[in-house]
Amino acid sequence: MSAPALDIDAVLADRAVQVMVCCGAGGVGKTTTSAALALRAAERHGRRVVVLTIDPARRLAQSLGLAELDNSPRPVVGVEAAGEGRLDAMMLDMKRTFDEVISAHASPEKAEQIFANPFYQALSTSFAGTQEYMAMEKLGQLRARASGARAGQGWDLIVVDTPPSRSALDFLDAPQRLGSFLDGRLIRVLTAPARVGGRAYLKVVSAAVGSATGVMTKVLGAQVLRDLQTFVAALDTVFGSFRARAERTYEMLQQPGTAFLVIAAPEADALREASYFVERLRDERMPLAGLVLNRVHRSAASHLGAERAAAAAEELDDAEDPPSLTVGLLRVHADLMRRHRREQALASRFTGAHPDVAVAEVDALAEDVHDLSGLREIGERLAG
Amino acid sequence: MVSGKGGTGKTTVAAALALALAAGGRRVLLCEVEGRQGIAQLFDVPQLPYAEQRIAVASGGGEVWALAIEPKAALLEYLELFYHLGRAGKVLERLGAIDFATTIAPGLRDVLLIGKVYEATRRREGTAPRYDAVVLDAPPTGRIGQVLNVNEEVAGLARVGPIRNQAGSIMNLLRSSATAVHLVTVLEEMPVQETCDALAELHRIGLPVGSIVVNMMREPLLAPAELAQATRGKLPVTRVVAGLEAAGMGRRSGHGTETATARTARLRATAQALIAEGVQHARRVALEREQRAVLEGLGRPVVELPALAEGIDLGALYDLAERLRAQGPA
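Computed from a predicted structure; not experimentally measured. (Residues numbered from 1 in each chain as written. Chains lettered and ligands numbered in written order. Predicted model: local features only at pLDDT ≥ 70, side-chain atom pairs only at ≥ 80, totals over all residues. Heavy atoms only, no water.)

Novice: Would you explain the overall build of chain B in this entry?
Specialist: For chain B, the count of helices and strands is 13 helices and 10 strands. In chain B, which comprises 330 residues, the share counted as buried stands at 51%. The long-range share in chain B, meaning contacts at least 24 apart out of those at least 6 apart in sequence, stands at 70%. Accessible surface, chain B as shown: approximately 14600 Å² in total, 52% of it carbon and sulfur. (Helix = DSSP H or I, 4+ residues; strand = E, 2+ residues; numbered from the N terminus. Buried < 20%, exposed > 50% of the residue type's maximum accessible area, 1.4 Å probe, protein only. Contact = heavy atoms within 4.5 Å. Areas by Shrake-Rupley, 256 points an atom, 1.4 Å probe, with all protein chains shown as cover.)

Novice: What is the right way to look at unusual backbone geometry in this model?
Specialist: It is generally the case that most residues other than glycine have a negative phi and that most peptide bonds are trans. A positive phi is found at Arg295(A), a non-glycine position, where the angle reads about 55°. Positionally, Arg295(A) belongs in strand β7 (residues 288–296). If you check the backbone angles, Gln37(B) has positive phi at about 60° while not being a glycine. Checked against the element boundaries, Gln37(B) lands in the loop between β2 (27–32) and α2 (38–43).

Novice: What is the right way to look at the packing of aromatic side chains in this model?
Specialist: The geometry of two aromatic rings is summed up by the distance between their centres and the angle between their planes. A complete count under the given rule lists 2 aromatic pairs over all chains for this structure. For the ring pair Phe98(A) and Tyr120(A), a centre distance of 5.2 Å and an interplane angle of 80° mean the geometry is edge-to-face. You can see Phe98(A) sitting in helix α4 (residues 94–105) and its partner Tyr120(A) sitting in helix α6 (residues 118–126), a full 22 residues away along the chain. Between Phe115(A) and Tyr120(A), the aromatic rings sit 5.6 Å apart at their centres with planes inclined by 50°, giving tilted as the arrangement. A residue is classified by how much of its surface remains accessible, and Tyr120(A), at 0% relative accessible area, is buried. Through pairs of rings, three or more aromatic residues link up here, namely Phe98(A), Phe115(A) and Tyr120(A). A cation sits over an aromatic face here: Arg130(B) above Trp65(B), 4.5 Å from the ring centre. (Phe/Tyr/Trp six-rings, centres within 6.5 Å; stacked < 30°, edge-to-face > 60°. Lys NZ or Arg CZ within 6 Å of the ring centre and 35° of its normal.)

Novice: Sorry, what's going on with the pairing of β2(B) here?
Specialist: Every regular strand shows the same layout, with side chains that alternate between the two sheet faces. Residues and elements named next belong to chain B. The element β2 is extensively covered by neighbouring structure, given that 5 of its 6 residues are classed as buried. Strand direction decides the pairing type here: β2 and strand β4 (residues 62–68), joined by 6 bridges, are parallel. Bridging from a neighbouring strand, Cys31 pairs with Leu67 of β4. Inspection of the sheet shows β2 paired to strand β7 (residues 133–137) by 5 bridges, in the parallel sense. (Pairing = 2+ DSSP bridges.)

Novice: In this structure, what is going on with the pattern of salt bridges? I would like to understand it.
Specialist: Side-chain pairs of opposite charge can arise where the charged atoms are in close proximity. Residue and element names in this part refer to chain B. The final tally for this structure, using the stated rule, is 41 salt bridges over all chains. Note that Glu119 and Lys116 form a salt bridge whose closest N and O atoms lie 3.2 Å from each other. Of this pair, Glu119 and Lys116 both sit in helix α6 (residues 108–122), 3 residues apart, roughly one helical turn. The class of Glu119 is partly exposed, set by a relative accessible area of 28%. Residue classification places Lys116 among the buried positions, given a relative accessible area of 9%. Across the salt bridge formed by Arg263 and Glu245, the nearest N and O atoms sit 3.3 Å from each other. Taken together, the residues span a long stretch of sequence, with Arg263 in helix α12 (residues 260–296) and Glu245 in helix α11 (residues 237–246) at a distance of 18 residues. By relative accessible area, Arg263 is classed as partly exposed at 27%. Taking relative accessible area as the criterion, Glu245 reaches 35% and is therefore assigned partly exposed. When salt bridges that share partners are traced, they join Arg27, Arg54, Glu63, Glu125 and Arg130 into one network. (Salt bridge = Lys/Arg side-chain N within 4 Å of Asp/Glu carboxyl O.)

Novice: What exactly am I supposed to notice about the confidence of the model for chain B here?
Specialist: Interpretation of this model should avoid reading the predicted coordinates in detail wherever pLDDT is low. Chain-level statistics for chain B give a pLDDT mean of 88 and a share of 89% at 70 or above. Reported confidences for the modelled complex are a pTM of 0.84 and an ipTM of 0.84. (pLDDT = per-residue confidence, 0-100.)

Novice: I would appreciate a short explanation of a nonpolar patch on the surface in the present structure.
Specialist: Residues Val57(B), Leu314(B) and Tyr318(B) make up a contiguous nonpolar surface patch of about 230 Å² in total accessible area. Mapped onto the elements of the fold, Tyr318(B) is located in helix α13 (residues 314–327). (Patch = residues over 30% accessible without salt bridge, like charges linked within 9 Å, V, L, I, M, F, W, Y side chains within 5 Å.)

Novice: Please explain the sheet that holds strand β4 (residues 86–91) of chain A as it appears in this structure.
Specialist: Sheet strands pair via backbone hydrogen bonds, and the direction of the pair is either parallel or antiparallel. Ordered in space as β3-β4-β2-β5-β1-β6-β7-β8 (chain A), the 8 strands form an open sheet in which the pairing is mixed. With one partner strand each, in any of the chains shown, β3 (74–75) and β8 (359–363) of chain A form the two edges of the open sheet.

Novice: Any chance you could explain helix α9 (residues 189–205) of chain B here in plain terms?
Specialist: Residues and elements named next belong to chain B. Over its 17 residues, α9 runs 25 Å from end to end, which matches the ideal 24 Å to within 8%, given 1.5 Å per residue. What α9 keeps buried is the set Glu189, Pro191, Val192, Thr195, Cys196, Ala198, Leu199, Leu202 and Ile205. Directly after α9, the chain includes Gly206, whose backbone phi takes a positive value near 85°. (Expected span 1.5 Å × (residues − 1).)

Novice: How should I be thinking about the confidence of the model for chain A in this particular structure?
Specialist: Residues and elements named next belong to chain A. The predicted model of chain A averages 83 in pLDDT, with 79% of residues at 70 or higher. By mean pLDDT, helix α10 (residues 200–220) is the weakest element of chain A at 59, and helix α1 (residues 8–13) is the strongest at 97. Note that pLDDT drops below 50 for residues 193–202; the model gives that stretch 5 contacts with residues more than four away or on any other chain.

Novice: Sorry if this is basic, but what is going on with the nonpolar core here?
Specialist: For soluble globular proteins, nonpolar side chains are generally found buried alongside one another. All names here are of chain A. Residues Ile102, Phe231, Val262, Leu291 and Leu293 are the most contacted members of the largest nonpolar core, which totals 53 residues. By residue number, the principal contributor to this core is helix α7 (residues 130–148), which donates 7 residues. Residues Ile8, Ala42, Val51 and Leu375 belong to the second largest nonpolar core, which totals 42 residues. (Core = buried A, V, L, I, M, F, W, Y, C linked by side-chain atoms within 4.5 Å.)

Novice: Whenever I open this one, the environment of Ala306(A) confuses me. Can you help?
Specialist: All names here are of chain A. Structurally, Ala306 can be placed in helix α14 (residues 306–318). Residue classification places Ala306 among the buried residues on the basis of a relative accessible area of 3%. Between the alpha carbons of Ala306 and Met90 there is a distance of 45 Å; along the sequence they are 216 residues apart. Each residue touching Ala306, except ones within four places of it in the same chain, is listed here: Ala334, Met337, Arg338 and Arg341.

Encoded structure:
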């Protein structure tokens, strides 16, 4: 079963597409793909592009001029842009983004109070959903800047790499989770336990809440609970509603100006995640452009199958004075063909389940990509 | 503890290590903490509940038990154990306090997960420990330092109280010689870089690093001289054409006639394609050598496990376990 081909150049050339989100399991080449797409959009299609990377490999980051972390986009040196095209790049600094959100919405004193709270320190640096939330936040900011700029300035395409989550779906879930926690019932209980009272059922709730906070005090210690209450109270007044922000970003992602690309490698786990993601995007009515299948292996001598190559190698090897070079090459080829067959089987299982999802395959490179010419090469392969 | 970059096969190595440690009649607990059900997939058993169950046997009556540690269940269990919560536990859950504690309260999630592992190591049956060894399929190298050090983070956050005491005892165990963190990698640039970074971080935190496990090793298929020729782009096409002829590939499969010229062109094209693949192979071998040298320079024992062409099944796990035993880490 063969999938429709994903025409990457058509997507990059389409001026109506203003946001591209690359998502998928960790370790499938999301960051490299995002950078390659952004570069190609600037160089081939004259787009004014900003690429938001999350956690690039060190040498790739250097080649994009991201050695310094300052949490705002910088022009990439060495881009041979077409027409009006340009490429800016930035790497997400999650802590700084969070700090900026606080500073933008709180009085200086309140901000100081929040920054000093141990719960904020932990939430802004190590909570598993913060990176996802901040990636969304930064995307929102870039989008506002892009559309606010006068004609000819700013960007007309934002390419976003997503965080290397445990599961690809975390990117869609975490902001909501953080948002709903911060306006959740627990927070209301912690911040205003005394408010509850009056009617009979509320008394029951109140008693239960009393015992719950009692337990939390015992488990966490009174100091921790106090820190937590201050933190939550401070955040609460600052934000008004976290959930509303998360929802706005969500809505933006559902607009036709967004194109999602699901990135995968031809491995069982990565394709399983890709399947989940495709289904989830459909459920959320988010526009999916297609699947990029990275690191695909194929051969220019595919008429020579794995079994035949392996058998020929065996036969030659048994001869007197075997031609060792040919034997070795046939074994290399047999391995490659087996791998190719395994990958194609996995890919067609995906396509069987999602026959309407367009696919672009990218051949495996022998070495990792860490410069612009490597990214151009990936771009060529993406475009097919 | 077995950590590694995603895609390096750390779950497989953790499972093989558990089997290796169980050989000779020992009882081993294999834990996972990321809700992936990777152990169940690997051993081809139904999803693991939050309860220990036996999933494999080893020589001399050895047993491997498995547990998927789930933070919410671990917290409720913990609260029940230490505070006899009863109804208040349900209220905490309804209010979202359990969600809060396991997803947002800094470090608490990791304390709970590692705390459960800690509890398993302490558990006794009569006078003997319940388990001779506990193997954790730990979070990936990118987070391993943070996860294992979070006990410190919580200790800093909770200045007094039971969580602080608990965190302190866990940290003592982790830093003792009873613990080893093994790092799984493959011979590629990124995973090796992450291994180096993780090693430095584990040293900084004072956690004992065990072996570096190079997984999915493949032997070079060309002789050293041929690899050198390939890297220089100098593999002789005529010799390969002759080799293909000797293998009977000069004869056309099926019927039809083929002119001598067409035949030569076909064989040359095949030979050239094979040579191009040989060059890629040689470049990969060279890259792997470089990465191998980087790992050798880290000063930890390096253990090798082969790539298994037929994929991983229970038979393959026993095979890998045997190799781990032979090379030392178990």
